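Topology and contacts: notes
If you want the building blocks of each chain, they are given just below.
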Amino acid sequence: MWMLLLIGCGAGQTSLGEIFREDSRPGSMVRIASFLRRSPAYREGTPVAVGVIEGGLLGVSLEGGSPWRFEHPIQQRPEVTGSVVVGLGGGELFALRAATGTLLWTRPATGMRLIGAGDDGEMTVATLASVSRPRSMVLVVGRDGQVLRQLETERTLGRPAALLGLIFLPWSERHITAYDVLLGQEVARLSFRRGIFSALVDGGALFFGGSSLVRLDEQIALWPADELPRAEIPELPLLPSPRLVPRLEDARSLHAGYPDRVRAYARPTLPGENLGLVGGRYFLAYHQAILARRVDGDFPVWVRVLSDPTLGGDVYQGGLALCDQQGKVHLLGEARGFLEATLDLGQPVLSCVVQGAGLIREESQRHPDALPEQLAAVLRAPSSALVPLQRELLGMLGRMGDAVTTQVLIDLCMDPRTPVIWLEELHALVALRRNGVGAMLAALRRRPQGDERPPPVASLAQALRALGESSAAPLLLDHLESEMTSAWSRPALAEALEELASPRDLPRLHERFEVLRREDSESARLAALALARGLIRLGHSTGVKLVAKAAEAPDTTARLRRELAMLAPKQRR
């Protein structure tokens, strides 16, 4: 039988048998939780990034040092767990020392695929499945390569965990079995309705789940299994089904795909705290953009843009480690998002697996840019993959009510790096601003330099008009008189001047009116009509006479003559 190919030496220490029975009622997990709480502290794993390349693996410690290389056929993405890397390829299951890439052991595994692995520093447990038959296997291997236990089943297995001589096996996506390797028997079980395909160890604590995680502690006796408190990432428009643990099919793929490039990262809290996310914070990697968010926050804590899309990552104590498609591994501080270090696997990778457990790193105390400026950096990024995120960030900018945001929006309008597709929405957001008058007036005084775009004068005019900022009138007149001002901006400028101009602006207002009334275009007609109303408001009877005279002048365009004739008598009454 194909399963027997794995046994080899040490077969006398293996145990074959069916333990995954629905009608079995082993002991409670509460006893296991109590045992783990009283046990010695768990040794954290090796913080490492492992990249997949054609014909092998590359690894680098997150603590620094030289990268390692392991040449071997690779059938699927490896699992990094504890202090080992477990891989499959060339008909073999193998384990490497994560810190150095040194081969620890191999076992025959023809016709199989790796589902998942766990390691506690003394033994490694792997779950595997046949590629041709509905059969699965649990394999427990010591550091010396001896097979300690081998179990076969027709059940669907998930990603296992190992801790202090026990292995924790998810099966049928609803049960967790605690199995004592030394005794060779199931000692406890926890059952759910659905959604349980992974067991994992973090900080010495056990967690079960997938899209959300439950924690194994003595509180489980107080709740029905399906009502246990859960750690989970809130849904986002950009990530409608966030997961704390990647789906098994995504984690097995040799080549990174969309779920690897758009992922959320977080760590669940340890026993002694209410179950949730460490720091109430999670991270969203969206291609090359990275956002830190609070569970209860409307806006990101920080935003950063890397040079290349990320393929994998993990949270460590003090930050987030991310591996990109060029084989660079970036360490970002959790509170401010500064790039603390960049490591290098040595070449581009097909996919990447990162384990942050065991790394503790102090974060830089530099002062970050204001959040609107960080959002602007993402909006400037010339990447079509970022368009959905950029649209979301534009909406955030529109909801921010500070003067810094007003300045950022104006700068984005003028920055030649801002993609053209966002200009219309940016101009609309500037028109809606109700603060940052100083930034608006400064923008009207600016003259484009080099390939810089002109200021959004129509939007600024609308905003200043709504604010009643009369000091803007001379600057608005400057732009209305300029040949560089676009025709479609003139009506907004004139409408703002209609309300903001003062008596000292009358001569210039009249002069511009005389020019526009002769021009046969829709923008000129609308602008002249607005200036006519301004002349009447400022000049009273004098203004009415000027408008009435223009209504009779043969060089005034025909439609405008009719409108001016209606305007002046109405105002006279």
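A few points on the structure. These figures come from a predicted structure and were not determined experimentally. For every chain, the first residue of the written sequence is number 1, and numbering continues from 1 onward in sequence order. Only residues with pLDDT of 70 or above have their local features reported here, since the model is predicted, and side-chain atom pairs are shown and tallied only from 80 upward, although totals for entire chains, interfaces and linings are computed over all residues. With hydrogens and water set aside, each side-chain value is computed from the structure's full complement of heavy atoms.

Details of the packing of aromatic side chains
Let me state the cut-off plainly: Centres within 6.5 Å make a pair out of two Phe, Tyr or Trp rings, where for Trp the six-membered ring is used; the pair is then stacked when the planes are under 30 degrees apart, edge-to-face when over 60, and tilted otherwise. By the criteria applied, helices consist of DSSP H or I runs no shorter than four residues and strands consist of E runs no shorter than two, each listed in order from the N terminus. A 1.4 Å probe rolled over the protein chains alone gives each residue an accessible area, and that area as a share of the maximum for its type sets the label: buried under 20%, exposed over 50%, partly exposed in between. Charge-over-ring placement is defined geometrically: NZ (Lys) or CZ (Arg) within 6 Å of the ring centre, and within 35 degrees of the ring normal.
According to the stated counting rule, one finds four aromatic pairs in the structure shown. Plain terms: the ring middles of Phe20 and Trp171 are 5.4 Å apart, the flat faces sit at 65° to each other, and that makes the pair edge-to-face. In this pair, Phe20 sits in the segment before helix H1 (29-38) while Trp171 sits in strand E13 (residues 166-171), placing the two residues 151 residues apart along the sequence. Phe20 gets classed as buried once you look at its relative accessible area, which sits at 1%. Residue class for Trp171 comes out buried when judged on its relative accessible area of 0%. Aromatic pair Phe168 and Phe208: ring centres 6.2 Å apart, planes at 40°, arrangement tilted. Here Phe168 is found in strand E13, whereas its partner Phe208 is found in strand E17 (residues 205-209), with 40 residues between them in sequence. Of the residues examined, Phe168 reaches a relative accessible area of 0% and is grouped as buried. By relative accessible area, Phe208 is classed as buried at 1%. Across the ring face of Phe338, the terminal group of Arg366 is positioned such that the distance to the ring centre comes to 4.1 Å.

Overview of the side chain of Arg281
In plain terms, the rule: Here Asp and Glu are counted as negative and Lys and Arg as positive; His is not counted, and neither are the chain ends. By definition, a salt bridge exists where a carboxyl oxygen of Asp or Glu is found within 4 Å of a side-chain nitrogen of Lys or Arg. The term polar contact refers here to a pair of N or O atoms within 3.5 Å; inside protein, the definition further demands a hydrogen-donor-capable atom paired with an acceptor-capable atom, and it admits residues adjacent in sequence only when both atoms are side-chain atoms. Contacts: residue pairs with any heavy atoms within 4.5 Å of one another.
With respect to the secondary-structure elements, Arg281 resides in strand E20 (residues 281-286). Glu334 is the oppositely charged side chain nearest to the buried, salt-bridge-free Arg281, at an N-O distance of 4.9 Å. At 3.3 Å, the side chain of Arg281 and the backbone oxygen of Glu334 are in polar contact. Not counting the four nearest positions on each side in its chain, Arg281 is found in contact with Ala266, Arg293, Arg294, Val295, Val301, Glu334 and Ala335.

A word on the packing of helix H8 (residues 437-445) against helix H10 (residues 473-481)
Inclusion rule: Under this scheme, a helix contributes an axis fitted over its contacting stretch, all axes are lines through C-alpha atoms, and angles between N-to-C directions fall in the 0 to 180 degree range. Working rule for handedness: look at the near helix, and if it is turned counterclockwise from the far one by less than a right angle, call the crossing left-handed; if clockwise, right-handed. Ten residue types, Ala, Val, Leu, Ile, Met, Phe, Trp, Tyr, Cys and Pro, are classed as nonpolar, four, Asp, Glu, Lys and Arg, as charged, and the remainder, Gly among them, as polar.
Here H8 crosses H10 at 35°, and the two axes come no closer than 10 Å. You can see that H8 and H10 cross each other, and the crossing is left-handed. Here H8 contributes Leu441, Leu444 and Arg445 to the contact with H10, which in turn contributes Leu475, Leu476 and His479. Class assignment for the residues of the contact of H8 with H10 results in four nonpolar, one polar and one charged.

Considering the nonpolar core
Here is the rule we go by: Nonpolar cores are built from buried Ala, Val, Leu, Ile, Met, Phe, Trp, Tyr and Cys residues. Side-chain atoms within 4.5 Å join them into one set.
Grouped together as the largest cluster of nonpolar side chains are 107 residues, with contacts concentrated most on Val138, Ile167, Leu169, Leu389, Leu476, Leu497 and Leu564. It is helix H13 (residues 522-539) that contributes the most residues to this core, ten residues altogether. The next biggest cluster of nonpolar side chains, apart from the first, holds 23 residues, and it includes Leu36, Ala161, Val187 and Leu228.

Some thoughts on the pattern of salt bridges
One pass over the full model with this rule turns up 31 salt bridges. Between Glu152 and Arg135 there is a salt bridge, with the nearest N and O atoms lying 2.9 Å from each other. With a gap of 17 residues between them, Glu152 in strand E11 (residues 147-153) and Arg135 in the loop between strand E9 (123-130) and strand E10 (136-142) connect regions that are remote in the sequence. Since its relative accessible area comes to 17%, Arg135 is described here as buried. A salt bridge links Arg446 to Glu452; its shortest N-O distance comes to 2.6 Å. Each of Glu514, Arg517, Arg518 and Asp555 takes part in a single network of salt bridges with overlapping partners.

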